[in-house]
Every structure is written in C-alpha cells, then in structure tokens.
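Here is how the chains run, residue by residue.
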Amino acid sequence: MTKSKWDRKRMDELEQWVAYHRLQASEGKCASYIPALRRADPTHLGICIIEPSGHKITAGEWDVPFTLQSISKVVSFIAACCHHGISYVLDRVDVEPTGDAFNSIIRLEMHKPGKPFNPMINAGAITVSSLLPGDTPKQKLDYLYAIFQKITSSAPVVNEEVFVSEWMTSHRNRALSHYLKDTGYLDCEVEEALEVYLKQCSIEVNTEQIALIGLILALDGYHPLRGEQIFPKQVVRLAKALMLTCGMYDASGKFAAYVGLPAKSGVSGGIMTLVPPILKRESPFPDGCGIGIFGPAIDSCGNSVAGVSLLKQIAHEWDVSIF
Ligand SMILES: NC(=O)CC[C@H](N)C(=O)O
C-alpha cells in the first residue's frame, strides 16, 4: 500500500473509532472537584498523532484547549531531573506504584519516613514542583515554562480561571503539602510549592501539543522537529517507566494490560501516550509517534473514559502494544 493510501486508511479508521468511542463518554463525568473543569463538554473526543517527520493525523475535537493537569507531572519530573540529576530527585521521591487514588494521603503516614511513592501521584508531584530550581514560585515556573517552550516552540499560557478555581478549593493538596513539609520532603514553603504545582497543572494545551511531548519521549528525548536531543535519554527512560507503572493512577495495571503503552492522564480528560520506534514488521508507526487525546468525561480513577476505550481499540487494531 502506498504511504498516502495507508494514511487515508488510518484517518478513516480513526474517524470511525472516534465517532464510536465518543458514545462511551456517557459512562463518565467531567471532573467537578475543580469547579472550572465542570464546564467542559463531556461529549468531546479528539485525537492527534504525530510522527517524527511532523506528519499529523487528527480526528474529532483535537484542537479544543484543555489544561494539562497531571500530564504536567511528567514534564516537571523531567525538568527536576535535568537540573539536579536523577539520584538527587530519587532521594526525595520513589518510583513505586501505589494502587491508590492520585490524591491519596494514606501511604505517607503508613510508610516511614514518608517519602512519596512516585512523581505521578499528587504527593510526589508536589515534592517535585518544590525541587524545581529557583527561590520563588515565579523562578521555578520560569524554569518549567522554558522547558515547555523548548518542546512546543510556544510560550505556555496558564488558564488563570482554572488555577484560581483549584487554588481556592485545593484542601487535599494543601494537606498533602503540609504533611510533606513536616516530614522534610518539601524544598520550599507549602504555599509556594502549591502555587508551582497548580500553575503547571493549569497550562493550557491541545492534543497536538501533548502528542508532541509524547513523540519526544518516544524518541528518548530527541526533538525531531528541532533536530536536537533536548533531554538525556536516561531521564526520559525513567519517565516512561513511571508512566507505564503509575501514569494512569490506580488503573495503570489495566491500562498496561489492555493498551500496553506508557501513558499519562489528567483529570481534565487529556491522555498523553506514545509508540516507540519498534521492530514489529507491521507497525503502522515504524519510526514511532506521539499520541494526544482529549475526552473530558472521566472515570472514578480520573482517566478519560472515551479516551481509554479509543486507545484500547487503537492498540488492538494497529497492534502497537510494547509487549
Ligand atoms: N489527576 C489529576 O490530573 C490531578 C491534577 C489536579 N490539579 C489535582 O491536583 O488534583
């Protein structure tokens, strides 16, 4: 099959699958614990796939903006490791899945000395935000924004409404931060760490931008559009291992079993995932690709319902599982 025929086939399939999986969204609900997220349209479902050539395949509401939320945890973890080195960061946050909800507090007290289990849950991510270089939230965020800009070639925009909405209601994240401060796992003041964490969560993106992050991870830190290695390979490999084991929260095991790709979700309904350049002869993406999905109706674990079911179909039909 010629490349353009193959492309047409993939696009037609994607359109059909998006139309079908959009119907699954009624089984989920838009996050309401952050009041500003409640207003998203739960029937939206969009996808963008980018290949190293920059070639893009899209379907559905792929260009509707949404906030990064927990997908930002991958970028801040990479940023902290790039600045401090991996061992400094891993002295302060572990790499073990919890099987608990993303905002759970229970393990911090159950396992002395209270080191957060991994950077993909809120406790670990708040610690990581506190580790970003700089003496003020602004300096820490500027460091993170510069990394984000290196990836997407555009300055990140924080959705102030989402930030304020979460800042005013973030009692559990505040509780987590106070606990981390008490046990010595916060590198700055509670309110400062929280400001950095909640602003990084409020960065506005669309599926193309998260697909691009995924693509760079697929290529072990190489940015194909800039022609430059922007993150060390070891850091990116670690981030992908964390995505695979912890990126979909307490549904990470099922996601690995039924989709089989490293992924990170956020409560706004985004999922960032990737297909590494693999050696399966029939792979539709022999050079690898990044995949961004947006479907704001989420399940009880905090993952996009329609997004996960669309990914299950893609992984099955196109045989892209890493296993
Ligand atoms: N799972 C998520 O996307 C959580 C991010 C959200 N900002 C929170 O801290 O609750």
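Note that this is a predicted model, so its numbers are computed, not measured.

### Points about the site of the ligand
Now for step 1: Lining the immediate surroundings of the ligand are Tyr-33, Gln-69, Ser-70, Phe-102, Asn-122, Glu-166, Asn-173, Tyr-197, Cys-201, Tyr-249, Gly-266 and Val-267.
Now for step 2: At 3.0 Å, a side-chain N or O of Asn-122 approaches an oxygen atom of the ligand.
Now for step 3: Here Tyr-197 contributes a side-chain N or O atom positioned 2.7 Å from an oxygen atom of the ligand.
Now for step 4: When isolated, the ligand has an accessible area of 300 Å², and the protein chains bury 100% of it.
Now for step 5: Residues of the shell around the ligand, tallied by class, amount to six nonpolar, five polar and one charged.

### Digging into the domain arrangement of the protein chain
Now for step 1: What the domain assignment reports for the protein chain is domain 1 (3-67 + 205-318) and domain 2 (69-201).
Now for step 2: Contacts between the two partners involve 39 residues from domain 1 and, on the opposite side, 37 residues from domain 2.
Now for step 3: With both sides pooled, the region where domain 1 packs onto domain 2 buries about 3,100 Å², and carbon together with sulfur makes up 77% of that total.
Now for step 4: A per-residue breakdown of the area domain 1 buries against domain 2 is headed by Thr-67, Phe-231 and Leu-242, which together make up 18% of the total.
Now for step 5: At the boundary of domain 1 and domain 2, one finds two salt bridges.
Now for step 6: Put simply, Lys-150 and Glu-228 hold a salt bridge, and the shortest N to O gap is 3.9 Å.
Now for step 7: Contributions of two or more residues to the side of domain 1 that touches domain 2 are made by α10 (207-218), α11 (233-246), β7 (263-265) and β8 (270-275).

### A look at the pairing of strand β1 (residues 46-50)
Within a regular beta strand, the side chains point alternately toward one face of the sheet and then the other, so they alternate between its two faces.
Now for step 1: For β1, a buried count of five out of five residues is recorded, marking the element as mostly surrounded by other parts of the structure.
Now for step 2: On β1, burial covers both faces: Gly-46, Cys-48 and Ile-50 on one face and Ile-47 and Ile-49 on the other are all buried.
Now for step 3: Bridging between β1 and strand β2 (residues 56-60) involves five bridges; their strand directions are antiparallel. Among the inter-strand pairings, Ile-47 is bridged to a residue of β2, identified as Ala-59.
Now for step 4: The antiparallel pairing of β1 with β2 creates a hairpin that spans five residues between the two strands, and Gly-54 there sits at a positive phi of about 95°.
Now for step 5: In the sheet, β1 pairs with strand β9 (residues 289-294) via five bridges, with the strands oriented antiparallel.

### Concerning the environment of Ser-268
Now for step 1: By secondary structure assignment, the location of Ser-268 is in the loop between β7 and β8.
Now for step 2: Looking at Ser-268, the relative accessible area reads 6%, which means it is buried.
Now for step 3: Each C-alpha atom, one on Ser-268 and one on Ile-34, is 9.3 Å from the other, the two residues being 234 residues apart in sequence.
Now for step 4: Those residues in contact with Ser-268, other than ones at most four positions away along the chain, are Leu-37, Phe-66, Thr-67, Gln-69, Phe-294 and Pro-296.
Now for step 5: From its side chain, Ser-268 meets the backbone oxygen of Thr-67 in a polar contact 2.5 Å long.

Procedures and definitions
- Residues numbered from 1 in each chain as written.
- Predicted model: local features only at pLDDT ≥ 70, side-chain atom pairs only at ≥ 80, totals over all residues.
- Heavy atoms only, no water.
- Near = heavy atom within 4 Å.
- Polar contact = N/O pair within 3.5 Å; in protein donor to acceptor, adjacent residues only side chain to side chain.
- Areas by Shrake-Rupley, 256 points an atom, 1.4 Å probe, with all protein chains shown as cover.
- Nonpolar A, V, L, I, M, F, W, Y, C, P; charged D, E, K, R; others polar.
- Domains from an automatic or database assignment.
- Contact = heavy atoms within 4.5 Å.
- Buried area = accessible area lost by both parts, 1.4 Å probe.
- Salt bridge = Lys/Arg side-chain N within 4 Å of Asp/Glu carboxyl O.
- Helix = DSSP H or I, 4+ residues; strand = E, 2+ residues; numbered from the N terminus.
- Buried < 20%, exposed > 50% of the residue type's maximum accessible area, 1.4 Å probe, protein only.
- Pairing = 2+ DSSP bridges.

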